[in-house]
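These are the residues of each chain, in order.
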Amino acid sequence: MGYFMDAFVAMWYRQIKRFWRAKPRVIGTFLHPIFWLVFFGIGFSASMRGGLSNAFMGTSYLAFLLPGIVMMTIFTSSFMSGISVIWDKEFGYLKVVLVSPAPRKASILGRSLGDSTIALLQGLTILLFGYLLVPSLNLINIIPLIGISLLVSITFASIGIIIATKMQTMEGFQLIVNLITLPLLFLSGIFYPISQAPEWLRIIILLNPLTYGVDVARILLIGVGNFNLIMDIILLSILSAVFMFLAMHQFEKTTIG
């Protein structure tokens, strides 16, 4: 148990320290969602004044968009966490982790939760910034929102790690991630209500874990959503547990040639 906790805490701390040392990455990950809010959200919200608010669940487009942008921030940050696995492969650190006496499950769990913590802090920062633009947000629900955000970040951090353990190069990982990221974002209800999507597209939307994270965020922050809150939470809990288990299982089998 001592080895497990030591490895878990060490890897969790390493991921956070590594992130804060990479200043360009810190700046970029915060500016990207802010640009979406300011230039996309405010611009579209202004152009949609005059009766189109009913198309966005009875709210302004900016209020509709903000919970989705918070989840987008958490999604992109956690999903890209697999990059650190590729870096560790290239520079030999992963070999050290694999041959150490510490349990591999503890190492990958600490890595995943470290990346999830970073993603969560980024999402909360964007939420506080967005509150200046949409002061009607229901911030009294911030505690349950933190729990849901953690489930979303664990899910996609685990998926990123699973993909990274299969890749040998940074280019290969980025190609796969770029191929997956845009469909997941645009088919999650972040930018438009999923009720307006064609019937055949809704099937794909319902298979997207991010859809349920966005829906919970909207229910908690602006009081509207597409599904039942309890159902969303149950599905996200199951998905985060499944993908975390798959990530640990895959990492157990990882070898460095």
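### A short note on the overall build of the protein chain
- Scanning the protein chain from terminus to terminus reveals 11 helices and 0 strands.
- When the helices and strands of the protein chain are listed from N to C terminus, the series reads α-α-α-α-α-α-α-α-α-α-α.
- Out of the 257 residues belonging to the protein chain, those deemed buried represent 49%.
- Put simply, of all contacts in the protein chain between residues at least 6 apart along the chain, 78% involve residues at least 24 apart.
- Surface summary for the protein chain: the accessible area is close to 12,100 Å², and the carbon and sulfur share equals 72%.

### Description of the packing of aromatic side chains
- By the definition in use, this model includes 6 aromatic pairs.
- Taken together, Phe75, Phe79 and Phe156 form an aromatic cluster joined through their ring pairs.
- Positioned over the ring face of Phe64 is Arg218, at 3.6 Å from the centre of the ring.

### Points about a nonpolar patch on the surface
- On the surface, Ile230, Ile234, Ile238, Val242, Phe245 and Leu246 cluster together to form a nonpolar patch covering roughly 560 Å² of accessible area.
- When you line up the elements, Ile234 lands in helix α11 (residues 229-252).
- On the basis of relative accessible area, Ile234 is assigned to the partly exposed category, the value being 48%.

### Description of the side chain of Ser116
- Structurally, Ser116 is set in helix α6 (residues 104-133).
- In this structure Ser116 comes out as buried when scored by relative accessible area, which is 0%.
- Within the local environment of Ser116, its side chain forms a polar contact with the backbone oxygen of Ser112, the two atoms lying 2.8 Å apart.
- Contact partners of Ser116, with chain neighbours within four places excluded, come to Leu150, Ser153, Ile154 and Ala157.

### Some thoughts on empty space enclosed by the protein
- Considering all chains together, one arrives at 1 cavity of 30 Å³ or more under this definition.
- Estimated volume of the largest cavity: approximately 30 Å³.
- In this structure, the largest cavity is lined by Ser188, Gly189, Ile194, Thr211, Val214, Asp215, Arg218, Asn226 and Phe227.
- A per-class count over the lining of the largest cavity returns 3 nonpolar, 4 polar and 2 charged.

### Some words on the packing of helix α7 (residues 142-166) against α11
- Direction vectors running N to C along α7 and α11 enclose 30°, while the axes themselves pass 8 Å from each other. Between α7 and α11, the interaxial angle falls into the category roughly parallel. Of the two possible hands of crossing, α7 and α11 adopt the one that is left-handed. Listed contacts from α11 to Ile148, Leu151, Val152, Ile154, Thr155, Ser158, Ile159, Ile161, Ile162, Thr165 and Lys166 of α7 are Ile233, Leu236, Ser237, Leu239, Ser240, Phe243, Met244, Leu246, Ala247, Gln250 and Phe251.
- Class assignment of the residues belonging to the contact of α7 with α11 gives a composition of 15 nonpolar, 6 polar and 1 charged.

### As for the confidence of the model for the protein chain
- Residues of the protein chain with pLDDT of at least 70 account for 84%, and the chain-wide mean is 82.
- Across the protein chain, element-level confidence peaks in helix α10 (residues 209-222) with a mean pLDDT of 95 and bottoms out in helix α5 (residues 93-99) with 63.

### Examining the packing of α6 against α11
- Interhelical geometry of α6 versus α11 gives an angle of 130° and a closest axis separation of 9 Å. Considered as vectors, α6 and α11 are oriented oblique to each other. Where α6 crosses over α11, the two elements pack in a sense that is right-handed. Each of Arg104, Lys105, Ser107, Ile108, Leu109 and Ser112 in α6 lies in contact with α11, whose residues at this interface are Met244, Ala247, Met248, Phe251 and Glu252.
- Residues of the contact of α6 with α11, tallied by class, amount to 6 nonpolar, 2 polar and 3 charged.

Cut-offs and rules
- Residues numbered from 1 in each chain as written.
- Predicted model: local features only at pLDDT ≥ 70, side-chain atom pairs only at ≥ 80, totals over all residues.
- Heavy atoms only, no water.
- Helix = DSSP H or I, 4+ residues; strand = E, 2+ residues; numbered from the N terminus.
- Buried < 20%, exposed > 50% of the residue type's maximum accessible area, 1.4 Å probe, protein only.
- Contact = heavy atoms within 4.5 Å.
- Areas by Shrake-Rupley, 256 points an atom, 1.4 Å probe, with all protein chains shown as cover.
- Phe/Tyr/Trp six-rings, centres within 6.5 Å; stacked < 30°, edge-to-face > 60°.
- Lys NZ or Arg CZ within 6 Å of the ring centre and 35° of its normal.
- Patch = residues over 30% accessible without salt bridge, like charges linked within 9 Å, V, L, I, M, F, W, Y side chains within 5 Å.
- Salt bridge = Lys/Arg side-chain N within 4 Å of Asp/Glu carboxyl O.
- Polar contact = N/O pair within 3.5 Å; in protein donor to acceptor, adjacent residues only side chain to side chain.
- 1 Å grid on protein atoms, 1.4 Å probe; cavity = no way out; pocket = protein on both sides within 12 Å on 5 of 7 lines; lining within 4 Å.
- Points joined across faces, edges and corners; volume = space filled by probe spheres on them.
- Nonpolar A, V, L, I, M, F, W, Y, C, P; charged D, E, K, R; others polar.
- Axes fitted to C-alpha atoms, helices over the stretch in contact; angles between N-to-C directions.
- Parallel < 35°, antiparallel > 145°, perpendicular 65-115°, else oblique.
- Left-handed = near helix turned anticlockwise from the far one by under 90°.
- pLDDT = per-residue confidence, 0-100.

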